[in-house]
Structure formats: C-alpha cells, structure tokens
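Analysis of the macromolecular model
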Amino acid sequence: RSVNIVAFGNERDGFSEDNQQPSLIWSYLGRSALISQVDSSLSASHFGNPVFTEYQACVFGNVRLVVHDCPVWDIFASDWYTSCRLIGGADIIVIKYSVNDKTSFQELKDSYVPMVKKALNHCSVPVIISAIGARKNGVPCTCPLCTSDRRSCVTTSEGVQLAKELGATYLELHTLNDFYIQKYFGGVLEYFMIQSLNQKSSEKMKKRKKIQKGRRVQPPQLEQPEKMPVLKGEASNYNTDLHNLLCGCQCADVAFYPEDLSSVVEAHKVILCSVSPLFMLLFGVKSPADIRDASIVQLAQSLFTVEAGTASPTAPHGTPPCVLPARVVVKDSVFCSSLPDILHFIYSGAYQWERLEEDVKMKLKDAEKTEQVLEKVKCILKTPGKLNPVKDCRSHQIKQLYNTSLRLFFNTPILADVIFKIQGATVPAHRAVLVARCEVMAAMFNGNYLEANSALVPVYGVSKDTFLSFLEYLYTDSCCPASILQAMSLLICAEMYQVMRLQHICELYIITQLQSMPSRELASTSLSIVSLLKKAKFHNSDCLSTWLLHFIATNYLIFSQKPEFQELSVEDRNFVEMHRWPSNLYLKQLADYRNYIHSQKCHCTVM
C-alpha cells in the first residue's frame, strides 16, 4: 500500500534573505511521529535548479509514502508531460504560497491554477492550499496614478476564493512550528491519507470480487430450439379451374345454337346459374315470380328459347346417358356470334371487362352492335331489382359472386346430375364442378370407369361429414375445420382425391392449432401427436410429418413422459433424440451446476 503526495509552490518570501528556511514538506516529514525512514533525492535540474525533490518514507507503520515537492511552477510550462504525470498519479495535492509574496500569488492564480484544473480533468483528488507566513503590511501608496498593488500581502479572503475555485481545503500556517506543522497541517494531511487508503482498499476489494465472479462457475446457457420447417400456402386456382372446364367441354349439359343450327357452343348450367339470375330463369331454377325483374324476364324471352329433352345434332362431349342436355336457341344472331367470348368472360370470373369489350369490337366491327351486345351482357349479370351495373363490371364483383353463389348449389338436388352414396346417406352434386376442381373425379367421370355412366356413385373410406367438407371446398374454395382431428380426416380425403391445395390448407390448420397450444394444455391433452405423425406419413404428407417430428423433439420433456412416445418407430425415435430440446448435454451441465451450487451452500453452512 502507498500514498502519493505532490506539492507545488514556494512558501518562502520572494525578498527574504533567509533562504535556508526549511520547507513545509520537509518540516512535516521531520517532525511527524507517524513518519519513519525518510529518504530524499533531487530530480534532474531545470536551468540549474532542481525541478522537484522526491521524498520516500513510511507512514502508519507499513504504508509507503512518496512525496514530490515542486517549488518551481515553471514545470507546467517547461515539462507539461511530467506535471500531468505527477498530478495523475497523486492521491493528495498540496499548493503552498507565502502570504507576503503578492506577485507570486497573482501569477499562481492567473497562470498556474487553470493548468492544475486542466491536469486534474475532473479527478476527485483532494487539494490542500496552505498560506504560509505572518503578514508584514507596509503603508500602501496613496498616489491615484500608481498602478502598483496597494497592498503587498495576500489576504485571507483571496486565499479562500482560490480554494473555492479548486474545491480545496484552505489552511493558514502563520509559522512552521510544531503546532501548525503536526496538529494543524499534519492532521488534515493525515485525514486525507486515511481517506485515500480506504478508497484504495475498497477499489481493490471490488476488483477482487469481480475477478472471483469471473472465475465463478456460471450456469449453462440454454440454446434456442431448432427452427421448425416453414410451410407455405398454395395459391388458389379456382377461376382457372372453371375456365379450363369451358375450354375442355367436359360434362357439358347445355348447348347454345343459332337459329339455323349451324354451330354449337357448349356450357354448364350450374356455372351459368351461379352467375346470372337470367340463366336461373331459363333453366327452371327460379320462376318469373322469384326474379321480380321485368327487364331480366323480357331479355330471357326475347334472346333465348329452351328446347329441353330434344336431342341435339351434336351431343355435348362427356354427357352421361342419364343426363339429357338442354338445347338453347339464341334468337339474336349478333349476340350468338359473340357468345364464345361472353362465356370465356363469365367462366374466368369476369377477369377483365375491358378485354371483353375489345374482343366483341374486334369480332363485330360495329360500334352500335357492340354496345347492344354489351348492354345485354350487363342485363344478364345484373342483380334483380337493381339498375344495370356500371360500365366496368370489375373482376372482383363476379369472382366474389362465384365463391358465394356456387354455395347455393352445394348439397342440393337443384341441377344435380350425380348422387354420392356414403354411410347410408345420399349427397347430390354436379359433375361440372367436380370435374373442374378435382383431377381424380375428372378421370373418374370421363374415363372408362363405372362412375362415368352411373348417376349413383358409392364412396368408401371417409365419413359423411368429412366428404361434405371436401365437397364444400370444391364448390367454394374455402375450408374451415372444426378441430385438429377433423382437419386430419379432411387431409386424408384430400390426399385420396389428390387435391393438393386442400391438403396444404389442412396441414397449415393443424400446425397453427398445435403452435398456439400452451405447454400445460399440450401435456394434458388426449390428442395423440404420434398418431397424427403416423397418419401424415401414411398419407404422404411429408411437410406435416417433418414438422410434427420437430414439434415432438422441441417439446421433448412433455412427450417423453407420455405412453404414446413409445409408439414411435426406431427411425423417428432416433431423429427425436438427436434433435431434442433441451439437449442431453445441457441437462448434464445443468445437473453439474446444481450440484456445485448445493456444495457451496453446504460449505457456507458449515463455516
């Protein structure tokens, strides 16, 4: 332990003849009873004068005391580095001056005190200002033109003001006798020595604790679980499926002819009726009393004639024998020539009204006829009881109409041309919708299968509720399972009929529901995640099965306590053990840390 003191200034009078007067620092070191083994040495000279004197001694028995006494203030001007180094390493700073040397005091105040402040740089080093000597006031000059100082002594108030500027302790030592040296100056200096030693001991203790804390055994860090695979949704092909149905002419049950029967345009009643009340009226789905719109009734009567039950010259391709196509004669030849473009517009969900306008204009090459045809299309698409829609029938209006209107024909016998028999119950449906939305059913109803020529089709392997949910998706392009088990059943049905988008929707639903399940509910639920995993693997749901494996591994502590965990296959068990969270390594580190903490507590109790 050590204490470093730096003393600046000369306590002797500038005009004193007694240059052998002992210095304040030497007097204290020689007279204090706490000081022993004093040794002194001079530093390198500056213009023939020593810059500072270094004293080394022992204080309080075993504390090393180092004092640098610098009587020459020029050290700040000549050797700024040395002066900053001295102040930076000081525990206590002593500034001394003679009260009878006003010129030196003024120079100290104006020139050197700012340098001391700069060197301290907000350090909390205690500063002692010692005013030494008895004042010898002469008669001041009374000449009003005299610019010299009117007094030659430094007053007490000037010394106190200087101490305030430095935040220092101010002392006046009238003489360097035992009282002023030992009890007055020595008492203040020794107080600051004790304060410095206490501060150093405190800092040393903090540093030791910090080192011990760094060496202390830290608890193991729990890493985040592995990121689960992200399952992305699949874009809807609803409008594309319906448009492709028109292009393929599969299961068409209505044929439009001109009056001379020179050509034919095939379509599907259920699609047309889902778009237009006029077609509902035309095919007997609704009566004129149900429509309650004279303009629609008049247009239907003036534009079309339905000859039901009569054989058409060329029967629509893919129509089963049990379903007779309806032959519709279009009375307006101009409208009939534009009918293929109008049907493409309707089947595509009215994708662009502007495109229909261009197609009709290009075909008719007559502005007046084009306007008449477009007005009839607007009347066909209008809602009963309302004015004609605005000129630009936007795509979202018709597309929304599809999604909502086809629901009107879901699980109803209206226009139905096939009946599914399942679990002793019957479910009516429409071949056009099934063929458009499901490739397996398209092959079933158009290939060399029994179902192609049969109006009654049995269904095996799924429940009635699941099959109804499957059909609802085909009609409306939406799916809302009520539970995880229902979603899994619907996924199995979607895999059976190869409807991949519905399969992905069910996978996303299951994943979302499991992710939102709290750990407590997951631990107590009767739902078997392992059973879901087995079904997902069996029905080729690779995304869901991979996700479920990661889910079991991430919640290892929960699932490892369940009986179903033993039902995992060897391959799945190895995967879960490899990717488990928390890992075996972390649990071992945690056990070692707990044992260490327990041993430390037992040790402290014994001590």
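As the structure is a prediction and not an experimental result, all values here were calculated from the model.

**A closer look at the overall build of the protein**
Helix and strand counts for the protein stand at 27 helices and 16 strands. Across the 607 residues in the protein, those meeting the buried criterion constitute 45%. Here the contacts in the protein between residues at least 6 apart in sequence split such that 67% fall between residues at least 24 apart. With the model as given, the accessible surface of the protein reaches about 32,500 Å², and the carbon-plus-sulfur share is 53%.

**Some words on the nonpolar core**
If you look at the biggest cluster of nonpolar residues, it comprises 114 residues, and the most contacted ones within it are Phe256, Phe420, Phe467 and Phe470. Take this core: its biggest share by element is 8 residues, from helix H20 (residues 484-496). Phe467 has contacts with Phe420, Ile422, Met441, Val459, Val462, Cys493 and Tyr497, leaving out every residue within four places of it along the chain. Ile93, Val99, Leu166 and Tyr170 belong to the second-largest nonpolar core, a separate cluster that totals 30 residues.

**Overview of the sheet that holds strand E15 (residues 425-429)**
The 3 strands are arranged E15-E14-E16 in an open sheet whose pairing can be described as mixed. What marks the edges here is a single partner per strand, and that holds for E15 and strand E16 (456-458). Adjacent strand axes in the sheet meet at a mean angle of 30 degrees when their direction is disregarded. Looking at chain direction, strand E14 (residues 418-422) and E15 are connected through 5 bridges and run antiparallel.

**Some words on the confidence of the model for the protein**
With 85% of its residues at a pLDDT of at least 70, the protein reaches an overall mean of 83. Considering only residues more than four positions removed or in separate chains, one finds that residues 144-150, a stretch of pLDDT under 50, has 7 contacts. This stretch, residues 394-401, has a pLDDT under 50; its non-local contacts, to residues over four places away or in other chains, come to 13 contacts.

**Looking at the pairing of strand E5 (residues 53-59)**
Counting buried residues in E5 gives 5 out of 7 residues, a clear majority hidden from the surface. Bridge count for E5 against strand E6 (residues 63-70) is 7 bridges, and the pairing is antiparallel. Following the sheet pairing, Val59 is matched in E6 by Val63. Two successive antiparallel strands, E5 and E6, enclose a turn made up of 3 residues, where Phe60 displays a positive phi of approximately 55 degrees.

**Section: the pairing of strand E9 (residues 169-173)**
Burial within E9 is extensive, with 4 of its 5 residues counted as buried. Note that strand E8 (residues 127-132) and E9 share 5 bridges and pair parallel. Paired with Ile132 across the two strands is Leu173, which belongs to E9.

**A few points about the pattern of salt bridges**
Applying the stated criterion across every chain, the model contains 19 salt bridges. Here Lys96 makes a salt bridge to Asp69, at a shortest N to O gap of 3.0 Å. Of the two residues, Lys96 sits in strand E7 (residues 92-98) while Asp69 sits in strand E6, which places them 27 residues apart along the sequence. Each member of the pair, Lys96 as well as Asp69, carries the same accessibility label: buried. Of the charged contacts in the structure, one is a salt bridge between Asp592 and Lys588, with a shortest N-O distance of 3.4 Å. Taken together, the residues Asp592 and Lys588, both in helix H27 (residues 584-606) and 4 residues apart, mark about one turn of the helix. Here Asp592 falls in the partly exposed class, since its relative accessible area comes to 42%.

**Quick word on the packing of helix H14 (residues 353-364) against helix H15 (residues 367-381)**
Contact geometry for H14 and H15: axes closest at 9 Å, N-to-C directions at 140 degrees. Relative to H15, the element H14 is oriented oblique. Crossing geometry of H14 relative to H15 is assigned as right-handed. On H15, the residues that touch Trp353, Leu356, Glu357, Val360, Lys361 and Leu364 of H14 are Lys369, Thr370, Val373, Leu374, Val377 and Lys378. Of the residues contributing to the contact of H14 with H15, the split by class is 7 nonpolar, 1 polar and 4 charged.

**Considerations on helix H5 (residues 156-166)**
Looking only at H5, the buried set comprises Gly159, Leu162, Ala163 and Leu166. Along the long axis of H5, the arc covered by the buried residues comes to 100 degrees, so they all point the same way. The exposed set on the far side of H5, more than 90 degrees from its buried face, consists of Ser157 and Lys164. Those residues of H5 hidden inside the fold are in contact with E7, helix H4 (102-120), E8 and E9. Count one or two residues on from H5 and you reach Gly167, which has phi positive near 65 degrees.

**A word on the side chain of Thr466**
Tracing the chain through its elements places Thr466 in helix H19 (residues 464-476). Relative accessible area serves as the criterion here: at 9%, Thr466 is assigned to the buried category.

Thresholds, definitions, all that
Residues numbered from 1 in each chain as written. Predicted model: local features only at pLDDT ≥ 70, side-chain atom pairs only at ≥ 80, totals over all residues. Heavy atoms only, no water. Helix = DSSP H or I, 4+ residues; strand = E, 2+ residues; numbered from the N terminus. Buried < 20%, exposed > 50% of the residue type's maximum accessible area, 1.4 Å probe, protein only. Contact = heavy atoms within 4.5 Å. Areas by Shrake-Rupley, 256 points an atom, 1.4 Å probe, with all protein chains shown as cover. Core = buried A, V, L, I, M, F, W, Y, C linked by side-chain atoms within 4.5 Å. Pairing = 2+ DSSP bridges. Axes fitted to C-alpha atoms, helices over the stretch in contact; angles between N-to-C directions. pLDDT = per-residue confidence, 0-100. Salt bridge = Lys/Arg side-chain N within 4 Å of Asp/Glu carboxyl O. Parallel < 35°, antiparallel > 145°, perpendicular 65-115°, else oblique. Left-handed = near helix turned anticlockwise from the far one by under 90°. Nonpolar A, V, L, I, M, F, W, Y, C, P; charged D, E, K, R; others polar. Arc of directions from axis to C-beta.

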